[in-house]
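Each chain is listed here by its residues.
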Number of protein chains: 2
Amino acid sequence: MATGRTHRPATRSRGIPEATVARLPLYLRALTALSERSVPTVSSEELAAAAGVNSAKLRKDFSYLGSYGTRGVGYDVEYLVYQISRELGLTQDWPVVIVGIGNLGAALANYGGFASRGFRVAALIDADPAMAGKPVAGIPVQHTDELEKIIKDNGVSIGVIATPAGAAQPVCDRLVAAGVTSILNFAPTVLSVPDGVDVRKVDLSIELQILAFHEQRKAGEETAAGTGALPAAAPRGTAAADDSTDQGPDGDVPAVMPA
Amino acid sequence: MATGRTHRPATRSRGIPEATVARLPLYLRALTALSERSVPTVSSEELAAAAGVNSAKLRKDFSYLGSYGTRGVGYDVEYLVYQISRELGLTQDWPVVIVGIGNLGAALANYGGFASRGFRVAALIDADPAMAGKPVAGIPVQHTDELEKIIKDNGVSIGVIATPAGAAQPVCDRLVAAGVTSILNFAPTVLSVPDGVDVRKVDLSIELQILAFHEQRKAGEETAAGTGALPAAAPRGTAAADDSTDQGPDGDVPAVMPA
DNA sequence: GAATGTGAACTCGTTCACAGCC
DNA sequence: GGCTGTGAACGAGTTCACATTC
């Protein structure tokens, strides 16, 4: 997905593959759980199972970070938690703003997984004046007018967009203009941003559509399947399928589009 | 010298690459927008721009579906909308249940992107008896006890899990036992499912962590941990942890523990 | 002339298998 | 003996570039 033109030689610094980066949070979560149970060490095999990947991949991933394991023994849980956290930048505190406090925005504001990992919801922003001042997840909602000031006062570099599709691009533009350089977009629309700004998107309906595709496949080889017709017919056979891409949680991230 | 685990004869001719499947919904959305504006045809170039991919990739993707374009002209919008919808299985009606009607579950229930694409929320299910009967998005919440009955009566094959992490696996097991074969998991946990069941996961905090990784990288690139010369992007907490060295923290691990 | 469709080259990611160390 | 770390083989996905068709 070429980030713009030939700007950066890409792999310049210590290039950790993007696929590996996307799995680090997964490992971190599994490790955190082990840490809470005071497990001192894990083998790649055990940790891989807990994270839902295979062990060769995990070892390869860790090898990009350095040699943090001990042969014959495994990995020290606490140490690895720290190393991965540091690599991901979670030893810092990241102030985040959420724009668009509808159902989804509120869900995000309440989501515990943020605070526990170095993210701090610095502000909630909504365009509806009626929302202003109302507390959501204990944080008073502020009006969009304040957006630029909030970003600057709090040194916010990460913004979350949970607005309706139509509002997303303008909001995005304002966030970027105010200094935000990373955006997590929940609105079902393609955002365009200048070079140097990262966008990740999460699209709820896309995920369902991908499931539907596979579900349809499973439902049997309905050859014709033509124009219309086909009454939804509860497909619940045990079509044990051949098409196993491994099992379980495929290491597939919901699409990235750095721009 | 067989490699050992040859499951199936390479790729079936019908096999559409997973990466392509993941982009079809993107194309579909762009096409739907064009369709609403009554645009009759698009070139791969235009459509690619609207979907946020490059045109070579788009053409390659479409080539897996068949030859639906016209050289020298482009693609017929309506026709392509139909073909992609059919390929994704969206010409059918997919009843879906959402389990866990907290903030997120409610957001999902209200999300318009589902209904508009062949997904119908057949039921909302929650473990809290106090929720039972309360309407969310116009649909009365039902108690978990009813889960199996609901799945069977409605022929549901796709389930959405929006419960807390601890409840996810048991709910998953029940869904699968009742006949669900595709699961969209929002709970921050790895689900294990039998062969033949697809799981996709959406993890909000993982996405943020990936952004943090890149954000940290940007900050280290510009200034060498200098005088906070960054635009507005200077995160809190002093950039002590630059990735220049990976010296062992020998004992004092700055635990980044969740609450 | 214009734009699709696609082999071929290339890049990225995964898996294998085993050397190296505890 | 057990487990990590990693080069090498393999496979998936992307990009190139051009023959092909309208």
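Just so we're clear, the structure is a prediction, and the values are computed from it rather than from any experiment. Numbering of residues starts from 1 in every chain and runs along the sequence as written. Chain letters and ligand numbers both follow the written order, the letters beginning at A and the numbers at 1. Reporting of local features is limited, given that this is a predicted model, to residues whose pLDDT is at least 70; pairs of side-chain atoms are given and counted only at 80 or more, and all residues count toward the totals for whole chains, interfaces and linings. Note: side-chain values were computed over all heavy atoms of the structure, leaving out hydrogens and water.

**Here's the deal with the pattern of salt bridges**
Pairing between side chains of opposite charge can happen when their charged atoms approach one another. The line we're drawing: Salt-bridge detection follows one rule: a side-chain nitrogen of Lys or Arg within 4 Å of a carboxyl oxygen of Asp or Glu. Under the scheme used here, helices are H or I runs from DSSP no shorter than 4 residues and strands are E runs no shorter than 2 residues, and both carry numbers assigned from the N terminus.
Inspection of every chain in the model, using the stated rule, returns 18 salt bridges over all chains. For the salt bridge of Glu-87 of chain A with Arg-217 of chain B, the shortest nitrogen-to-oxygen distance reads 4.0 Å. With Glu-87 of chain A in helix H4 (residues 77-88) and Arg-217 of chain B in helix H9 (residues 204-222), this pair bridges two chains. Among the salt bridges present, the one from Arg-23 of chain B reaches Asp-61 of chain B, with a minimum N-O distance of 2.7 Å. Residue Arg-23 of chain B is located in helix H1 (residues 18-36), and its partner Asp-61 of chain B is located in helix H3 (residues 55-65); the two are separated by 38 residues in the primary sequence.

**Here's the deal with unusual backbone geometry**
Residue and element names in this part refer to chain B. Under the convention used in this document: Partly exposed residues are those whose accessible area sits between 20% and 50% of the maximum for their type, while under 20% is buried and over 50% is exposed, using a 1.4 Å probe and protein chains only.
At Ser-38, a residue that is not glycine, the phi angle is positive and equals roughly 55 degrees. The backbone phi angle of Ala-137 is positive, close to 55 degrees, even though this residue is not glycine. Tracing the sequence through the fold places Ala-137 in the loop between strand E6 (135-136) and strand E7 (139-143). A relative accessible area of 38% means that Ala-137 is categorised as partly exposed.

**Regarding the sheet that holds strand E2 (residues 69-70) of chain B**
Residues and elements named next belong to chain B. Just so we agree on the cut-off: We call two strands paired when DSSP finds no fewer than two bridges between them.
Pairing is antiparallel across the open sheet formed by three strands, whose spatial order is E1-E3-E2. Either end of the sheet is taken by a strand with one partner, and the two such strands are strand E1 (41-42) and E2. Pairing between E1 and strand E3 (residues 74-76): two bridges, direction antiparallel. Note that in E3 the partner of Val-42 across the bridge is Tyr-75.

**Focus: the protein's contact with DNA strand D**
Under the convention used in this document: Near is defined per residue: the residue qualifies when any heavy atom it owns lies within 4 Å of the molecule or strand. We call two N or O atoms a polar contact when they sit within 3.5 Å, provided that within protein one can donate a hydrogen and the other can accept it, with sequence-adjacent residues counted only if both atoms are side-chain atoms.
Within the structure, DNA strand D sits among 25 residues, and Ser-44 and Tyr-75 of chain A together with Arg-23, Asn-54 and Arg-71 of chain B are positioned closest to it. In the interface set of DNA strand D, defined as its atoms within 4 Å of the protein, sugar plus phosphate atoms amount to 66%. Side-chain polar atom of Ser-44 of chain A to a phosphate oxygen of DNA strand D: 2.5 Å apart, as the coordinates give it. Interatomic distance of 3.1 Å between a backbone N/O atom of Gly-72 of chain A and a sugar or linking oxygen of DNA strand D. Those elements giving two or more residues to the surface near DNA strand D turn out to be helix H3 (55-65), strand E2 (69-70) and strand E3 (74-76) of chain A together with H1 and H3 of chain B.

**Observations concerning the environment of Leu-24 of chain A**
Residue and element names in this part refer to chain A. Threshold: Contacts: residue pairs with any heavy atoms within 4.5 Å of one another.
Inspection of the secondary structure assignment puts Leu-24 in helix H1 (residues 18-36). Spatially, the C-alpha atoms of Leu-24 and Phe-62 are 8.9 Å apart, while their sequence positions differ by 38 residues. Not counting chain neighbours up to four residues away, the residues in contact with Leu-24 comprise Leu-65, Ile-84, Glu-87 and Leu-88.

**Thoughts on the protein's contact with DNA strand C**
Worth spelling out the cut-off: When residues are grouped by polarity, Ala, Val, Leu, Ile, Met, Phe, Trp, Tyr, Cys and Pro land in nonpolar, Asp, Glu, Lys and Arg in charged, and all others, Gly among them, in polar.
Close to DNA strand C lie 25 residues, the nearest being Arg-23 and Asn-54 of chain A together with Ser-44, Arg-71 and Tyr-75 of chain B. Of what DNA strand C places within 4 Å of the protein, 67% of the atoms are sugar or phosphate. In this structure, Lys-60 of chain B approaches DNA strand C through a side-chain N or O atom, which is 3.3 Å from a base nitrogen. Between Tyr-68 of chain B and DNA strand C, the recorded distance is 3.4 Å, taken from a backbone N or O atom to a phosphate oxygen. The residue inventory of the surface near DNA strand C, partitioned by class, reads five nonpolar, 10 polar and 10 charged.

**What about the nonpolar core?**
Worth spelling out the cut-off: Among the buried residues, those of types Ala, Val, Leu, Ile, Met, Phe, Trp, Tyr and Cys that are joined through side-chain atoms within 4.5 Å form a nonpolar core.
By size, the foremost hydrophobic cluster in this structure holds 113 residues, and its most contacted members are Ile-84 of chain A together with Ile-84 of chain B. No other element matches the nine residues that H1 of chain A contributes to this core. Those residues in contact with Ile-84 of chain A that lie beyond four places of it in its chain are Leu-24, Tyr-27, Leu-28, Leu-31, Phe-62 and Leu-65 of chain A.

**Describing the UniProt feature "binding site: NAD(+)" (unreviewed entry) in chain A**
Let me state the cut-off plainly: UniProt positions are given in the numbering used here, feature names are shortened, and annotations may be inferred rather than shown by experiment.
In this structure's numbering, the residues bearing the UniProt feature "binding site: NAD(+)" (unreviewed entry) are Gly-100, Ile-101, Gly-102, Asn-103, Leu-104 and Gly-105 of chain A. Relative to the assigned elements, Gly-102 of chain A resides in the loop between strand E4 (94-99) and helix H5 (103-110). Looking at where Leu-104 of chain A falls in the secondary structure, it is placed in helix H5. The contact partners of Leu-104 of chain A, leaving out residues within four places of it in the chain, are Ala-162 and Phe-186 of chain A together with Leu-104 and Ala-107 of chain B.

**Concerning the packing of aromatic side chains**
Put simply, the rule is: Aromatic pairs are defined between Phe, Tyr and Trp rings, using the six-membered ring for Trp, whenever the two ring centres lie within 6.5 Å; interplanar angles under 30 degrees are classed as stacked, those over 60 as edge-to-face, and all others as tilted.
One pass over the full model with this rule turns up eight aromatic pairs over all chains. Taking the centre distance of 5.1 Å and the plane angle of 85 degrees together, the rings of Phe-62 of chain A and Tyr-75 of chain A count as edge-to-face. Highlighted residues: Phe-62 of chain A in helix H3 and Tyr-75 of chain A in strand E3, separated in sequence by 13 residues. The burial state of Phe-62 of chain A is the same as that of Tyr-75 of chain A; both residues are buried. A ring pair is formed by Tyr-68 of chain B and Tyr-79 of chain B, whose centres lie 5.5 Å apart and whose planes are at 80 degrees; its orientation type is edge-to-face. Remark: Tyr-79 of chain B occurs in helix H4 (residues 77-88) and Tyr-68 of chain B occurs in the loop between H3 and E2; sequence separation between them is 11 residues. By the ring-pair criterion, three or more aromatic residues cluster together here, those being Tyr-27, Phe-62 and Tyr-75 of chain A.

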